[in-house]
Amino acid sequence: MVDLVKTILLVAYWYGLAVGVSNFEVDWLTGEANATRRTTIYAAVHNASLITLLILLSLGNNSLKSEFITARYLHEYFFLLMTAVRISAVLLSLITRWYQRCRFIRLWNQILALVRDRPQVVRGRWYRRSIILKFVLCVLSDSLHTISDVSAQRKRITADLIVKLSLLATLTTIFNMIVCQYYMAMVQVIGLYKILLQDLRCLVSQAQCTCSIRNRRGGVYSIQCCSLADQLDLIAERHYTLKDRLDEMAELFQIQSLSMSLVYFFSTMGSIYFSVCSILYSSTGFGSTYWGLLLIVLSTATFYMDNWLSVSIGFHIRDQQDELVRVLADRSLFNRELDNRLEAAFEDFQLQLASNRHEFYVMGLFKMERGRLIAMLSSVITHTMVLVQWEIQNDGS
């Protein structure tokens, strides 16, 4: 029977190689990553060709600069700005992957070693559901976005326009593949956190049973407490290692995270703005039919769901850490104290969790948290309303 999740991972891996995102190769028999000559040459040629094509298009008659000069409407200026932001984000992310390639390979192999020690991660229901959902939303979002672009420009299709649309679709695919790789790495880390949390719950339950032993002078109580203390020390060590890998991942994906924030901010505004402009301007021929409106709705909905899935994955890490603190806090409900060594192990782990909390900052500019995300959504809605109001006023005049 074909394993759907494994097939999705294989497709994502080979697709990442095909579009030049991955500049290292993975041996699927062992899972280890290495920098091979053929992968390096192909990725270098692909990225160099992409940059060369962008330079040639920028020097042509229909470049972004010439379109900016000849633009007459506000939505034209905004879409040009959104295109420039997306191009800059992709180029910065690709450059980062080259000069930090050794660190990416080392991080891949380190996370692989952690997953090998806990193979139940890849068999978990949450892990499999997350991978399948991301794949479906990513494919739908990419496909509907490309169809929307082609449909909006179908009345003035030229050879130059086809090249531009193909290039923009390639850039969008590259950016989405970078986000997908980050998402899949985070899913594995969260899976390791869930197993860590299960082991901790089991240990706390055993400690509570041990606490009810009345005869504490016998060897059974001391042996059980020493065994639980050793297990708790191992859990604390696993958490420290996992937190160290998470911090390195956050550092490696700093530029990608900034690019994600900018692209999602402008793309969210652009999708709403594009929907309004498609309805206002009959010259596009896009919003004048029910099929066109349905395509707009489906494209916008899948785009939002895919973005939310990519952004909210980071919040699950903080939720898992908060759950670890809550499980450890159940120790205060025990009716009696435990052995001194086991008590010290609990206190040390609590101190480690309190002093080593995961805080993710984007290039040191702002901290990613749910409150910040709501503020960004509020800013998107406010700026989009201003743009729509400006468009309606100028259209009416």
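Computed from a prediction, not measured in an experiment: that's the story for all the values here.

Engineer: Quick one: what's the story with empty space enclosed by the protein, residue by residue and with numbers?
Structural biologist: Under the defined criterion, the tally for this structure stands at one cavity of 30 Å³ or more. If you go around the largest cavity, the residues you meet are Ser93, Phe175, Ile178, Val179, Tyr182, Phe253, Gln256, Ser259 and Met260. Those elements that provide at least two residues to the lining of the largest cavity are helix H7 (159-211) and helix H9 (254-280). Residue contributions to the lining of the largest cavity peak at four residues, all from H7. Looking at the lining of the largest cavity residue by residue, the classes come out as six nonpolar, three polar and no charged.

Engineer: Report on helix H11 (residues 340-355), specifying residues and quantitative values.
Structural biologist: Relative to the 22 Å expected for 16 residues at 1.5 Å per residue, H11 spans 22 Å between its end C-alpha atoms, a close match to the ideal helical length. Within the sequence span of H11, burial applies to Leu342, Glu343, Ala345, Phe346, Phe349, Gln352 and Leu353.

Engineer: Residue-level account of helix H1 (residues 4-18), with values.
Structural biologist: If you check H1, its first and last C-alpha atoms are 21 Å apart, about what 15 residues at 1.5 Å a residue would give, namely 21 Å. Among all positions in H1, only Val5, Ile8, Leu9, Ala12, Tyr13, Gly16 and Leu17 are buried. One or two steps after H1, the chain reaches Gly20, where phi turns positive at roughly 80°.

Engineer: Tell me what's going on with the packing of aromatic side chains, and back it up with residues and numbers.
Structural biologist: Counted according to the given criterion, the structure contains two aromatic pairs. Measuring from centroid to centroid gives 5.9 Å for Phe24 and Trp108, while their planes differ by 75°, and the two rings are edge-to-face. Note that Phe24 is positioned in the loop between H1 and strand S1 (25-26) and Trp108 in helix H5 (residues 101-117), a separation of 84 residues in sequence. Residue Phe24 is classed as buried on the basis of its relative accessible area of 7%. When the ring centre of Tyr183 is taken as reference, the NZ or CZ atom of Lys134 above it lies at 5.5 Å.

Engineer: Residues and numbers for the confidence of the model for the protein chain, please.
Structural biologist: When pLDDT is averaged along the protein chain, the result is 78; 74% of the residues meet or exceed 70. Below pLDDT 50 for its whole length, residues 283-287 participates in 20 contacts with residues either more than four positions away or in separate chains.

Engineer: Now, about the pattern of salt bridges: what can you tell me, with residues and values included?
Structural biologist: Tallied over the entire structure, the rule returns twelve salt bridges. For the salt bridge of Arg238 with Asp199, the shortest nitrogen-to-oxygen distance reads 2.9 Å. A residue pair is termed long-range when its members are at least 10 positions apart, and Arg238 in helix H8 (residues 219-252) and Asp199 in helix H7 qualify at 39 residues. Look at Arg238 and you get partly exposed, because its relative accessible area is 23%. Connected through salt bridges with shared partners, the residues Arg201, Glu323 and Arg326 form a single ionic network.

Engineer: Please set out the side chain of Thr96 residue by residue, giving values where relevant.
Structural biologist: Take Thr96: it is sitting in helix H4 (residues 74-99). Look at Thr96 and you get buried, because its relative accessible area is 2%. In this structure, Thr96 is in contact with Phe104, Leu252, Ile255 and Gln256, ignoring residues within four places of it in sequence.

Engineer: Can you tell me about the environment of Leu192, naming the residues and giving the values?
Structural biologist: In this structure, Leu192 sits in helix H7. By relative accessible area, Leu192 is classed as buried at 7%. Counting along the chain gives 77 residues from Leu192 to Val115, while the straight-line C-alpha distance between them is 7.3 Å. Those residues in contact with Leu192, other than ones at most four positions away along the chain, are Leu114, Val115, Arg118, Val121 and Leu242.

Engineer: Break down the UniProt feature "transmembrane region" (unreviewed entry) in the protein chain for me, citing the residues and quoting the values.
Structural biologist: In the numbering adopted here, UniProt assigns the feature "transmembrane region" (unreviewed entry) to residues 12-29, 41-59, 79-99, 126-147, 167-193, 262-283, 289-309 and 373-392. This span, residues 12-29, is 39% helix and 11% strand, and a straight line between its end C-alpha atoms measures 17 Å. Regarding residues 79-99, the helix share stands at 100% and the strand share at 0%, and the terminal C-alpha atoms are separated by 31 Å.

Engineer: Explain the layout of surface pockets to me, using residue names and the numbers behind them.
Structural biologist: In this model, the second largest pocket occupies a volume close to 1000 Å³. Secondary structure elements with two or more residues in the lining of the second largest pocket: H1, H5, helix H6 (125-152) and H7. No other element matches the seven residues that H5 contributes to the lining of the second largest pocket. Classifying every residue of the lining of the second largest pocket by side-chain character gives 23 nonpolar, five polar and six charged.

Engineer: How would you summarise the environment of Leu53 if you had to cite specific residues and measurements?
Structural biologist: Relative to the helices and strands, Leu53 resides in helix H2 (residues 37-59). The class for Leu53 is partly exposed, based on a relative accessible area of 34%. The spacing of Leu53 and Lys164 is 111 residues in sequence and 10.0 Å in space, taken between C-alpha atoms.

Engineer: Hey, could you go over the state of the cysteines for me, with residue numbers and the actual values?
Structural biologist: Scanning the entire structure with this criterion turns up zero disulfides. Cys209 carries a free sulfur, and the closest cysteine sulfur to it, the one in Cys202, is 9.5 Å from it.

Thresholds, definitions, all that
Counting starts from 1 at the beginning of each chain's written sequence and moves along it residue by residue. In keeping with the model being predicted, local features are shown solely for residues with a pLDDT of at least 70 and side-chain atom pairs are shown and tallied solely at 80 or more, while totals for entire chains, interfaces and linings include all residues. Side-chain metrics in this entry use all non-hydrogen atoms of the structure; hydrogen atoms and water are not considered. Space inside and on the surface of the protein is sampled on a 1 Å grid over the protein atoms alone, with a cavity defined as a set of points where a 1.4 Å probe fits but cannot get out and a pocket as an open set with protein on both sides within 12 Å along at least 5 of 7 lines; lining residues have an atom within 4 Å of a point. Grid points are joined across faces, edges and corners, and a volume is the space filled by probe spheres set on the points. Only DSSP runs of H or I reaching four residues or more are called helices, and only runs of E reaching two or more are called strands; each is numbered from the N terminus. Here the term charged refers only to Asp, Glu, Lys and Arg, the term nonpolar to Ala, Val, Leu, Ile, Met, Phe, Trp, Tyr, Cys and Pro, and the term polar to all other amino acids, Gly among them. For a helix, the expected span equals 1.5 Å multiplied by the residue count minus one. Partly exposed describes any residue whose relative accessible area lies between the buried limit of under 20% and the exposed limit of over 50%, with all areas from a 1.4 Å probe on protein chains only and scaled to the type maximum. In this analysis, rings of Phe, Tyr and Trp, with Trp reduced to its six-membered ring, are considered paired at centre separations within 6.5 Å, and the interplanar angle assigns stacked below 30 degrees, edge-to-face beyond 60, and tilted for intermediate values. In our convention, an over-ring charge means Lys NZ or Arg CZ found within 6 Å of a ring centre and within 35 degrees of that ring's normal. The pLDDT score gives, residue by residue, the confidence of the prediction method on a 0 to 100 scale. Contact between two residues is taken to exist if any of their heavy atoms lie within 4.5 Å; hydrogens are not considered. In what follows, salt bridge is the name for a side-chain nitrogen of Lys or Arg lying within 4 Å of a carboxyl oxygen of Asp or Glu. UniProt positions are given in the numbering used here, feature names are shortened, and annotations may be inferred rather than shown by experiment. Count a disulfide wherever a pair of cysteine sulfur atoms falls within 2.5 Å.

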